[in-house]
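So you can see what is in the structure, the chains are spelled out below.
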Amino acid sequence: MARSGKKLSRREFVTTLAGAGAVMMLNPLSAWAIDEIDPRVAAIVAATIGIDTHNHIDVPLIAADVPGPDIDLAGEMKRSGLSAICMTFALDYQKMGPPGEAYTRFINGLASMDQQLKRNRMKRSLNMADLRTAHKKHQPTVIQSVEGGHFLEGHLERLGEAYNRGLRHLGLLHDSDASVPLGDVYTNPPRWGGLTAFGTDVIKECNRLGILIDLAHANAGTTAAALKVTTHPVIISHTGLDTQLGQNPSMARMMQPRLISKEQARTVADAGGVIGVWTHLADSPLEYARNIRALVDVIGINHVCLGTDTKLTPGSGQNHGRMGERTNQAWEGQKPGFYYTVVDAMLKVGFTAEEIGKIGGGNFCRVFDAATTGHS
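Residues numbered from 1 in each chain as written. Predicted model: local features only at pLDDT ≥ 70, side-chain atom pairs only at ≥ 80, totals over all residues. Heavy atoms only, no water.

Looking at the pairing of strand S7 (residues 274–277)
Consecutive side chains along a regular strand alternate between the two faces of the sheet. Side chains of S7 alternate between two faces, with Val274 and Gly276 and Ile275 and Val277 buried alike. For strand S6 (residues 235–239) and S7, the ladder comprises three bridges, and the chain directions are parallel. Bridging from a neighbouring strand, isoleucine 235 pairs with valine 274 of S7. (Buried < 20%, exposed > 50% of the residue type's maximum accessible area, 1.4 Å probe, protein only. Helix = DSSP H or I, 4+ residues; strand = E, 2+ residues; numbered from the N terminus. Pairing = 2+ DSSP bridges.)

Here it is as structure tokens:
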């Protein structure tokens, strides 16, 4: 990570050293990192609440396998420089069985995550106060998420049960339809006319309870309908602009249905929402930063966040998804952890420290706070 030749003012230099010192205490870096880290990068990482809004932690979904092999979640998070991740898992990588199986998988997944967090001496953050406290104490933390409402199976009361287990971020949809569908998935032929009646009820109940709605995997019709229902801003945690196709044509063809148009992005932003840029279709940190810039140019600095759709830790073997990239190994030759690398790249493409703070986590914090404030 090359140092910039820009001369710092005395005030900036003192601030940089203070921030760099704090991050060194939080993340004891190896010798190469101490030599190569840009002090401005270290200062920004230390000062901001860096959040990956969509990070898979694959855990067993079968009771006999709970909690699975030990994972070094705390260690990977400290290496990354991130303060928090929206820790998610999906239930539909294997075909669903009889009624009740999706719910059983969900409960087993949460039990696995409970024990993995305990092993790592980590806690879930349930609101902004928890996030701020964890950041102040230099403690990595997670926001519990699930990708897809399959576990509901038409039972709205299960949202309350999930909330009591720590769920604060619900991906309404995933690759396959739930047994009681919630809306049209963007990679499947439209079947439900957008948001279903049950999907409407789920959004209203999430608003009531204090759960952030994630419209990733929703097609344009579902997204438009959901925005008319919700009383709180939403997030699309992981996608990219459909104009940013990268350098690999075959990968671009596979991913294109999962990308967002400028028009759909503006609709979400106009409703106060936030959209996460994933690392797919970016072959280098600089290309990733340029993909972030492209979305900022369309919807503004206050509506973009990070949502990698990667994995901080190796999968358990029970719940592997299509995308297997490791967060701290997102790009070939990458040495510093993910957030350090991304902050460096964002500086190089012209983002200011304040702008990086917004994209790195501040924008997500705003919608997370809006969803969870007033709930306990």
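Back to the write-up after that little detour.
Digging into the packing of helix H11 (residues 262–270) against helix H12 (residues 285–299)
Running from N to C, H11 and H12 cross one another at 65 degrees; their axes reach a closest spacing of 9 Å. At the point where H11 passes H12, the crossing takes the right-handed sense. Where H11 approaches H12, its residues Lys262, Ala265, Arg266 and Ala269 are matched on the opposing element by Leu295, Val298 and Ile299. Residues that form the contact of H11 with H12 fall into these classes: five nonpolar, no polar and two charged. (Axes fitted to C-alpha atoms, helices over the stretch in contact; angles between N-to-C directions. Left-handed = near helix turned anticlockwise from the far one by under 90°. Contact = heavy atoms within 4.5 Å. Nonpolar A, V, L, I, M, F, W, Y, C, P; charged D, E, K, R; others polar.)

Section: the packing of aromatic side chains
Within this structure, the stated rule accounts for six aromatic pairs. When the ring of phenylalanine 89 is compared with that of phenylalanine 106, the centres are 6.0 Å apart and the planes differ by 10 degrees; the resulting orientation is stacked. Residue phenylalanine 89 is found in the loop between strand S2 (84–88) and helix H5 (101–119), and its partner phenylalanine 106 is found in helix H5; the two are separated by 17 residues along the sequence. Their ring planes at 55 degrees and their centres at 6.3 Å tell us that tyrosine 288 and phenylalanine 338 sit as a pair that is tilted. (Phe/Tyr/Trp six-rings, centres within 6.5 Å; stacked < 30°, edge-to-face > 60°.)

Observations regarding the state of the cysteines
Enumeration according to the criterion identifies zero disulfides in this entry. Residue cysteine 86 stays outside any disulfide, its sulfur separated by 8.3 Å from that of cysteine 305, the closest cysteine. On the basis of relative accessibility, which here comes to 0%, the residue cysteine 86 falls in the buried class. (Disulfide = S-S within 2.5 Å.)

Notes on the side chain of threonine 372
Secondary-structure assignment places threonine 372 in helix H14 (residues 353–372). On the accessibility criterion, threonine 372 (4% relative accessible area) is buried.

Some thoughts on the environment of methionine 346
Within the secondary structure, methionine 346 sits in helix H13 (residues 338–348). Here methionine 346 falls in the buried class, since its relative accessible area comes to 1%. As a C-alpha pair, methionine 346 and leucine 286 span 60 residues in sequence and 7.4 Å in three-dimensional space.

Regarding the pattern of salt bridges
This model, assessed by the stated rule, comprises 12 salt bridges. Among the ionic pairs, aspartate 38 bridges to arginine 40, the shortest N-O distance being 3.6 Å. With relative accessibility at 21%, the residue arginine 40 sits in the partly exposed group. Here aspartate 58 ties to lysine 311 by a salt bridge, and the two come within 2.7 Å at their closest N and O atoms. Linking aspartate 58 in the loop between strand S1 (51–56) and helix H4 (73–80) with lysine 311 in strand S9 (residues 310–311), this pair joins segments that are 253 residues apart in sequence. Side by side, aspartate 58 and lysine 311 carry an identical accessibility label, which is buried. A single network of salt bridges, built from pairs that share partners, joins Asp114, Arg124 and Arg165. (Salt bridge = Lys/Arg side-chain N within 4 Å of Asp/Glu carboxyl O.)

Overview of the side chain of threonine 308
The topology assignment puts threonine 308 in the loop between strand S8 (304–306) and S9. For threonine 308, a relative accessible area of 0% puts it in the buried group. At 2.6 Å, the side chain of threonine 308 and the side chain of aspartate 52 are in polar contact. Separated by 2.5 Å, the side chains of threonine 308 and threonine 310 make a polar contact. In this view, threonine 308 contacts Asp52, His54, Asn55, Val277, Trp278, Thr279, His280 and Phe338; residues no more than four positions away in its chain are not counted. (Polar contact = N/O pair within 3.5 Å; in protein donor to acceptor, adjacent residues only side chain to side chain.)

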